[in-house]
Amino acid sequence: IWGYLLGEFGLKSMLDIGCGCGHAMRWMERYHVNCVGVDGFKPAIVQKVCSSPISLHDFRDGPFKSDNRFDLCWSAEFLEHIEEEFLPHVIQTIDLAGAACVTHALPGQNGKNHVNCKDDSYWIERFTAYGWWFDAIRTEKVRLTDRWHAAWGRNTLMIFLNAKSND
């Protein structure tokens, strides 16, 4: 997926929300993509595997602030950890990018601290309400690459384009 995103969007910069130790950023660094990570779990940041900066941030306190703009926001298996009332803070942070590639947990999916497990239509509705376009064609293309039929991740992967950055 990362290789597809790198080429498809000509990535020079990426924001990783819920980055954990920074594995996606480490991969992107090999291709000279400038990355910034955000995570709320300090032990993951302490054990980071990338050279990119990772900021400790709690979305209950508001959106993550940055003077930087990014080509892409990557956020894997993070959205389900945010209570609905704080979701606007996350989407305002994703607004720092021109495109977003996110995954989410489905209703009933096991996981620690899952508080917002929803289906695709919920996420499409939320992103659309904040000025994002759901890119159904690219989403379907990347989902078709799920050769292992994983129980999470690629089967919920979604690509959105920031309508506000195209004004």
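The paragraphs below set out a description of the structure included in this document. It should be emphasised that the depicted structure is a prediction, and the values quoted were computed from it without experimental measurement.

Procedures and definitions
Residues numbered from 1 in each chain as written. Predicted model: local features only at pLDDT ≥ 70, side-chain atom pairs only at ≥ 80, totals over all residues. Heavy atoms only, no water. Phe/Tyr/Trp six-rings, centres within 6.5 Å; stacked < 30°, edge-to-face > 60°. Buried < 20%, exposed > 50% of the residue type's maximum accessible area, 1.4 Å probe, protein only. Helix = DSSP H or I, 4+ residues; strand = E, 2+ residues; numbered from the N terminus. Lys NZ or Arg CZ within 6 Å of the ring centre and 35° of its normal. Salt bridge = Lys/Arg side-chain N within 4 Å of Asp/Glu carboxyl O. Contact = heavy atoms within 4.5 Å. Core = buried A, V, L, I, M, F, W, Y, C linked by side-chain atoms within 4.5 Å. Pairing = 2+ DSSP bridges. Axes fitted to C-alpha atoms, helices over the stretch in contact; angles between N-to-C directions.

**Looking at the packing of aromatic side chains**
Two measures describe an aromatic ring pair: the distance that separates the ring centres and the angle between the ring planes.
Item 1. Scanning the model with the defined rule gives 8 aromatic pairs in all.
Item 2. When the centroid spacing of 4.7 Å and the interplanar angle of 40 degrees are considered together, the rings of Trp 27 and Tyr 31 count as tilted.
Item 3. A relative accessible area of 18% places Trp 27 in the buried class.
Item 4. Between Phe 127 and Phe 160, the aromatic rings sit 4.2 Å apart at their centres with planes inclined by 10 degrees, giving stacked as the arrangement. Remark: Phe 160 occurs in strand S7 (residues 158–162) and Phe 127 occurs in helix H5 (residues 120–129); sequence separation between them is 33 residues.
Item 5. Of note, Lys 118 hangs over the ring of Tyr 122, and the distance from its end group to the ring centre comes to 5.2 Å.

**Section: unusual backbone geometry**
Item 1. Of note, the phi angle at His 32 is positive, near 60 degrees, even though the residue is not glycine.
Item 2. Considering the arrangement of structural elements, one finds His 32 in the loop between helix H2 (23–29) and strand S2 (34–39).
Item 3. For His 32, a relative accessible area of 69% corresponds to the exposed category.
Item 4. Backbone geometry at Asn 113 places phi at a positive 60 degrees, although glycine is not the residue there.
Item 5. One can find Asn 113 in the loop between strand S5 (97–102) and H5.
Item 6. Given the relative accessible area of 53%, Asn 113 is considered exposed.

**Here we look at the pattern of salt bridges**
Item 1. Counted under the stated rule, the structure contains 7 salt bridges.
Item 2. Glu 8 serves as the salt-bridge partner of Arg 138, at 2.8 Å between the closest nitrogen and oxygen. Pair noted here: Arg 138 is in helix H6 (residues 136–143) and Glu 8 is in helix H1 (residues 2–9), with a separation of 130 residues, a long-range link.
Item 3. Across the pair Asp 135 and Arg 138 runs a salt bridge, and its minimum N-O distance is 2.8 Å.

**Remarks on the environment of Gly 131**
Item 1. Position of Gly 131 relative to the elements: it lies in the loop between H5 and strand S6 (132–134).
Item 2. Taking relative accessible area as the criterion, Gly 131 reaches 24% and is therefore assigned partly exposed.
Item 3. Considered as a pair, Gly 131 and Asn 116 are 15 residues apart in the sequence and their alpha carbons are 21 Å apart.
Item 4. When sequence neighbours within four positions are dropped, the list of residues in contact with Gly 131 reads Leu 161, Asn 162, Ala 163 and Lys 164.

**A short note on the nonpolar core**
Item 1. Judged by nonpolar contacts, the single largest core of 26 residues is most densely connected at Leu 15, Phe 59, Leu 79, Val 90, Ile 94 and Phe 127.
Item 2. Those elements that place two or more of their residues in this core are strand S1 (13–17), S2, strand S4 (70–75), helix H4 (87–94), S5, H5 and S7.
Item 3. The leading source of residues in this core is H4, at 4 residues.
Item 4. With near-sequence residues (within four places) excluded, Phe 127 lies in contact with Leu 79, Ile 91, Ile 94, Val 102, Trp 132 and Phe 160.
Item 5. Listed in part, the 23 residues of the second largest apolar core include Phe 9, Cys 50, Trp 74 and Ile 159.

**Points about the sheet that holds S4**
Item 1. Taking strand neighbours across the sheet as the criterion, the 7 strands line up as S3-S2-S1-S4-S5-S7-S6 in an open arrangement whose pairing is mixed. Each having just a single partner strand, strand S3 (54–56) and S6 make up the two edges of the open sheet. Averaged over all pairs of adjacent strands, the angle between their axes in this sheet comes to 20 degrees, without regard to strand direction.
Item 2. Summarising the sheet, S1 and S4 pair through 3 bridges and their orientation is parallel. Residue pairing across strands places Met 14 opposite Leu 72, the latter belonging to S4.
Item 3. Of the strands in this sheet, S4, S5 and S7 are in contact with H1, which crosses S7 at around 25 degrees.
Item 4. Most of the contacts of H6 go to S7, to which it runs at about 150 degrees, and overall it touches S6 and S7.

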